[in-house]
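Below, each chain spelled out in residue letters.
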Amino acid sequence: MEKFETLTGIAAPMPLVNIDTDMIIPKQFLKTIKRSGLGVNLFDEMRFDRQGNEIPDFVLNKPQYRETEILVAGDNFGCGSSREHAPWAIKDFGIRCVISTSFADIFYNNCFKNGILPIVLPKEAVDVLMKDAEKGSNARMTVDLEAQTVTSSDGEVFSFEVDSFKKRCLIEGLDDIGLTMEKASSIDSFEAKASAERPWV
């Protein structure tokens, strides 16, 4: 998994509340078990019309937001079904951080397992960052995971809380497999001992 330390990038404003996982990645795209390739279908029903043409007014279709790496969203982001394809699609599109006042629990945890930093901030702070994001590609935010801060394009700094274990996993680029592999020598020792003691198994 890609490490997350400091990110400076374009932030897109998406003030909608209750954006659920079906809006993030509609059910017809859940047939794959690959984490790559889903970015083109991110927010599919909001990004494209029924003929597959881009809807110009949708924020991520606007020229200034095509390289978005940070999403500033409304309340209760990621609610709905617990599909892991939702963070897969977000990451594959290029978004590495989502800022909101609240997240659905399963989506929130899935973000950390897929290299995305979900940041919870008070409404007053999100409102400031939302307005900052509306400036377009000329306004770049900085997210510093080590310092646990978000800095607006105007230099206003907001601190956020994050679980220390989840923080370490992101900084070191450790998903569940990576965490297991940290114990590889202990696992090998156990397997060797078990094989010697029970060769018939």
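Look up a bit, the structure's there.
## Brief notes about helix H6 (residues 164-172)
Listed in full, the buried residues belonging to H6 are Lys167, Cys169, Leu170 and Ile171. With a side-chain oxygen lying 3.0 Å from the backbone nitrogen of Phe165, the N-terminal cap of H6 falls on Asp163. Of the residues trailing H6, Gly173 is marked for its positive phi of about 70 degrees.

## Structural notes on the packing of aromatic side chains
Given two aromatic rings, their pairing is described by the distance between the two centres and the angle made by the two planes. Summed over all chains, the structure comprises six aromatic pairs. Judged by centre distance (5.4 Å) and plane angle (65 degrees), the ring pair of Phe77 and Phe107 falls under edge-to-face. Linking Phe77 in the loop between strand S2 (70-73) and helix H3 (85-93) with Phe107 in helix H4 (residues 105-113), this pair joins segments that are 30 residues apart in sequence. Judged by relative accessible area, Phe77 falls into the buried class, the value being 0%. By relative accessible area, which is 3% here, Phe107 ends up buried. An aromatic cluster is present here, built from Phe77, Phe103, Phe107, Tyr108 and Phe112 joined pairwise through their rings. Taking the ring centre of Phe112 as reference, the NZ or CZ of Lys166 above it sits at 5.9 Å.

## Structural notes on the nonpolar core
Nonpolar side chains in soluble globular proteins tend to end up buried together. Core analysis: the largest hydrophobic core is formed by 55 residues, its most contacted members being Phe43, Phe77 and Leu121. Filtering out sequence-adjacent residues up to four positions away, Phe77 remains in contact with Ile19, Ile24, Phe43, Leu71, Ile90, Val98, Ser100, Ser102, Phe103, Ala104 and Phe107.

## Observations concerning the layout of surface pockets
Where empty space is left in the structure can be found by rolling a water-sized probe over the atoms. Computed from the structure, the largest pocket encloses a volume of approximately 160 Å³. Looking at the largest pocket, the residues that line it are Pro15, Val17, Ala73, Gly74, Asp75, Thr101, Lys123, Val126, Asp127 and Met130. Element by element, the count of residues in the lining of the largest pocket is highest for helix H5 (residues 123-133), at four residues. Taken together, the residues of the lining of the largest pocket sort by class into five nonpolar, two polar and three charged.

## Examining the environment of Lys166
Turning to its location among the elements, Lys166 is positioned in helix H6. When residues no more than four places from it in sequence are discounted, the contact partners of Lys166 are Asn109 and Phe112. Separated by 3.4 Å, the side chains of Lys166 and Asn109 make a polar contact.

## Some words on the pairing of strand S5 (residues 140-144)
A one-sided burial pattern is seen for S5, the buried positions being Met141 and Val143 and the unburied ones Arg140, Thr142 and Asp144. Where strand S1 (residues 6-14) and S5 come together, five bridges link them in antiparallel fashion. Paired with Ile10 across the bridge in S5 is Arg140. Pairing between S5 and strand S6 (residues 149-151): three bridges, direction antiparallel. Bridging across to S6, Val143 finds its partner in Val150.

Reading the values: the criteria
Residue positions are counted from 1 within each chain, in the order its sequence is given. Side-chain atom pairs in this predicted model are given and counted only at pLDDT of 80 or more, local residue features only at pLDDT of at least 70, and totals for whole chains, interfaces and linings cover all residues. Only heavy atoms go into the side-chain values, all of them from the structure, while hydrogens and water stay out. Burial here depends on accessible area, computed with a 1.4 Å probe over protein chains only, as a share of the maximum for the residue type. Under 20% is buried, over 50% is exposed, and the range in between is partly exposed. Helix and strand definitions follow DSSP, with helices as H or I runs of at least four residues and strands as E runs of at least two, each counted in order from the N terminus. Any pair of N or O atoms that falls within 3.5 Å is considered a polar contact. Within protein, one atom must be able to donate a hydrogen and the other to accept it, and sequence-neighbouring residues count only if both atoms are side-chain atoms. A pair of aromatic rings is counted whenever rings of Phe, Tyr or Trp (Trp by its six-membered ring) have centres within 6.5 Å, and the orientation is called stacked for planes under 30 degrees apart, edge-to-face for over 60 and tilted otherwise. Geometrically, a charge over a ring is one whose NZ (Lys) or CZ (Arg) sits within 6 Å of the ring centre while staying within 35 degrees of the ring normal. The definition of a nonpolar core used throughout is a set of buried Ala, Val, Leu, Ile, Met, Phe, Trp, Tyr and Cys residues joined through side-chain atoms within 4.5 Å. The contact criterion used is simple: two residues touch if any of their non-hydrogen atoms lie within 4.5 Å. Whether a set of points on the 1 Å grid over the protein atoms alone is a cavity depends on a 1.4 Å probe fitting there but being unable to get out, while an open set qualifies as a pocket with protein on both sides within 12 Å along at least five of seven lines; lining residues are those with an atom within 4 Å of a point. Grid points are joined across faces, edges and corners, and a volume is the space filled by probe spheres set on the points. Three categories are distinguished: nonpolar for Ala, Val, Leu, Ile, Met, Phe, Trp, Tyr, Cys and Pro, charged for Asp, Glu, Lys and Arg, and polar for the others, with Gly belonging to the last. The pairing criterion is simple: DSSP has to find at least two bridges between the two strands.

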